[in-house]
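# Structural overview
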Amino acid sequence: MKPRITAVLVLVLGTLAGVAAWNLIAEPSPARDTNASGTLPDPTDPPQGRDPSAPTQDALTMRTGYVTTREAADLRPGPDEFGSPVAAGVVLPVTGETDGGYWVLDTCNRDGWLAADQVEPGMVPGQPADGQMDRASFVIDPGHGLPDYGAVGPNGLTETEVNLDVSARLGDLLERSNDIDWTTGAVTPGSQYPAAAAAVLTRGPEGPNAGDYQLGLTFRATLANSVDATAFVSIHHNTQPEASLDHPGSEAFVSVANPESPRLGGLIVEELRSSFSRFSADWMGTPGSGLISRVGSDGEDYYTVLSRSLVPAVIVEGAYISNPSEEALAMTDEFRQAYAEAVYRALVRFVTTDDYPIPPPEPDLWEVDRPGPSMSDCSVPSP
């Protein structure tokens, strides 16, 4: 009996060894560059090495980063003091929390307090984006705001109007999931890139006066900081071009203090110039790469929204409204949507790739004695 049992064991062990050897031969090499479906990647795939639609591995912790005022909100200097009524729909950065309310910075750069039952808390991620759009938070800032018109075109188009419209379109894109055709640049609803975790406008069309009101520069940067934004983008249009160009003169002012600011600005300029080149215009602007870094005599960022931002921040100048040809384009829905889609694509690349298309600019000493917008008559929008 024992010899027979031994023979059976040898036969079984030999069979198992053969199966194991076959599995080793048949297993695809771990070094093979395949995608999730096991096929070689398509050369026309989006320009990144991550799967942007991959589900988040751990739960996303959210916190209150800003508040939006409700009807009958009362903005006070402190919890036990009398205040003034503020209009519904005003977004304010949270600078601290107390029992029953929030410390905020108001639109005129002053500290204030709001009761918790008079605001809608704005929830933002409590940790970095980590390469995922659905973990990213963005603050989009329409530059200027009445009574500050910004640039005014020869036919009367005001910069504040266009900035607000483009920003609202960009906010809509960030709040939904999209597909991107990286050949044509088309952005359409889809599942390739999920919605951002948070997309906050410093002033939006749902606010008082349809969103056209004054904001302090410190307020804008503080909102970006309170959200701990993955990126802060201030939308603008330009004036007083230097020369005729054979291409769109889109530009971005970037920070000398934050190393990610030039990368963000370079991506935006690249996408804007690519999109706008499909339109016909007598382009004007400043010769160069489109990236500009201005510093004061102290070597620090000249522009307040850049110097006070603790997050990657840029000021984008899409087109020259003072140029009649470009003003005519800026009046159209097609051009405004192209602006929004270009910045959206740049933000997707900023989060999901390591692309760095334009080298950082050399700092430019800016000693122009040009006072900023006066806040002496600023008032928080009231009902």
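Per-residue pLDDT for the chain averages 88, and the proportion of residues at 70 or more is 85%. Predicted confidence for residues 1–44 stays below pLDDT 50, and this span has six contacts to residues more than four positions away or in other chains.

Taken as a whole, this structure holds 14 salt bridges when the rule is applied. Measuring nitrogen to oxygen at the nearest pair gives 3.2 Å for the salt bridge that ties Asp-106 to Arg-110. The salt bridge involving Arg-345 is made with Glu-271; its shortest N-O contact spans 2.8 Å. In this pair, Arg-345 is assigned in helix H7 (residues 333–352) and Glu-271 in helix H4 (residues 260–276), connecting sequence segments 74 residues apart. A relative accessible area of 8% means that Glu-271 is categorised as buried. Residues joined in a network through salt bridges with shared partners are Glu-161, Asp-165, Arg-169, Asp-333 and Arg-336.

Among covalent bonds in proteins, the disulfide is the one between the sulfur atoms of two cysteines. Applying the stated criterion across every chain yields a total of one disulfide. Bridging Cys-108 to Cys-378, the disulfide has an S-S length of 2.0 Å. Between Cys-108 and Cys-378, the S-S torsion sits near -80°, and that sign places the bridge as left-handed. Here the residue Cys-108 occupies a position in the loop between strand E5 (101–105) and strand E6 (111–115), and Cys-378 occupies one in the segment after strand E19 (364–365), the gap between them amounting to 270 residues. Comparing Cys-108 with Cys-378 shows no difference in burial state: the two are buried.

The next subject is helix H3 (residues 217–227). The buried fraction of H3 amounts to eight of the eleven residues, a majority that puts the element mostly inside the structure. Among the residues of H3, those classed as buried are Phe-219, Arg-220, Ala-221, Thr-222, Leu-223, Ala-224, Ser-226 and Val-227. Looking one or two places after H3, you find Asp-228, whose phi comes out positive at around 55°.

Across the chain, the bulk of peptide bonds are trans and the bulk of non-glycine residues have phi less than zero. Cis geometry is adopted by the peptide bond preceding Pro-147, which originates at Leu-146 and carries an omega value of 10°. A positive phi is found at Asn-209, a non-glycine position, where the angle reads about 50°. Tracing the backbone shows Asn-209 in the loop between strand E11 (198–201) and H3. By relative accessible area, Asn-209 is classed as exposed at 55%. Within the chain, Ala-210 stands out as a residue other than glycine whose phi angle is a positive 55°. Assignment of secondary structure puts Ala-210 in the loop between E11 and H3. Note on Ala-210: relative accessible area 48%, which makes it partly exposed.

Reading the values: rules and limits
Residues numbered from 1 in each chain as written. Predicted model: local features only at pLDDT ≥ 70, side-chain atom pairs only at ≥ 80, totals over all residues. Heavy atoms only, no water. pLDDT = per-residue confidence, 0-100. Contact = heavy atoms within 4.5 Å. Salt bridge = Lys/Arg side-chain N within 4 Å of Asp/Glu carboxyl O. Helix = DSSP H or I, 4+ residues; strand = E, 2+ residues; numbered from the N terminus. Buried < 20%, exposed > 50% of the residue type's maximum accessible area, 1.4 Å probe, protein only. Disulfide = S-S within 2.5 Å.

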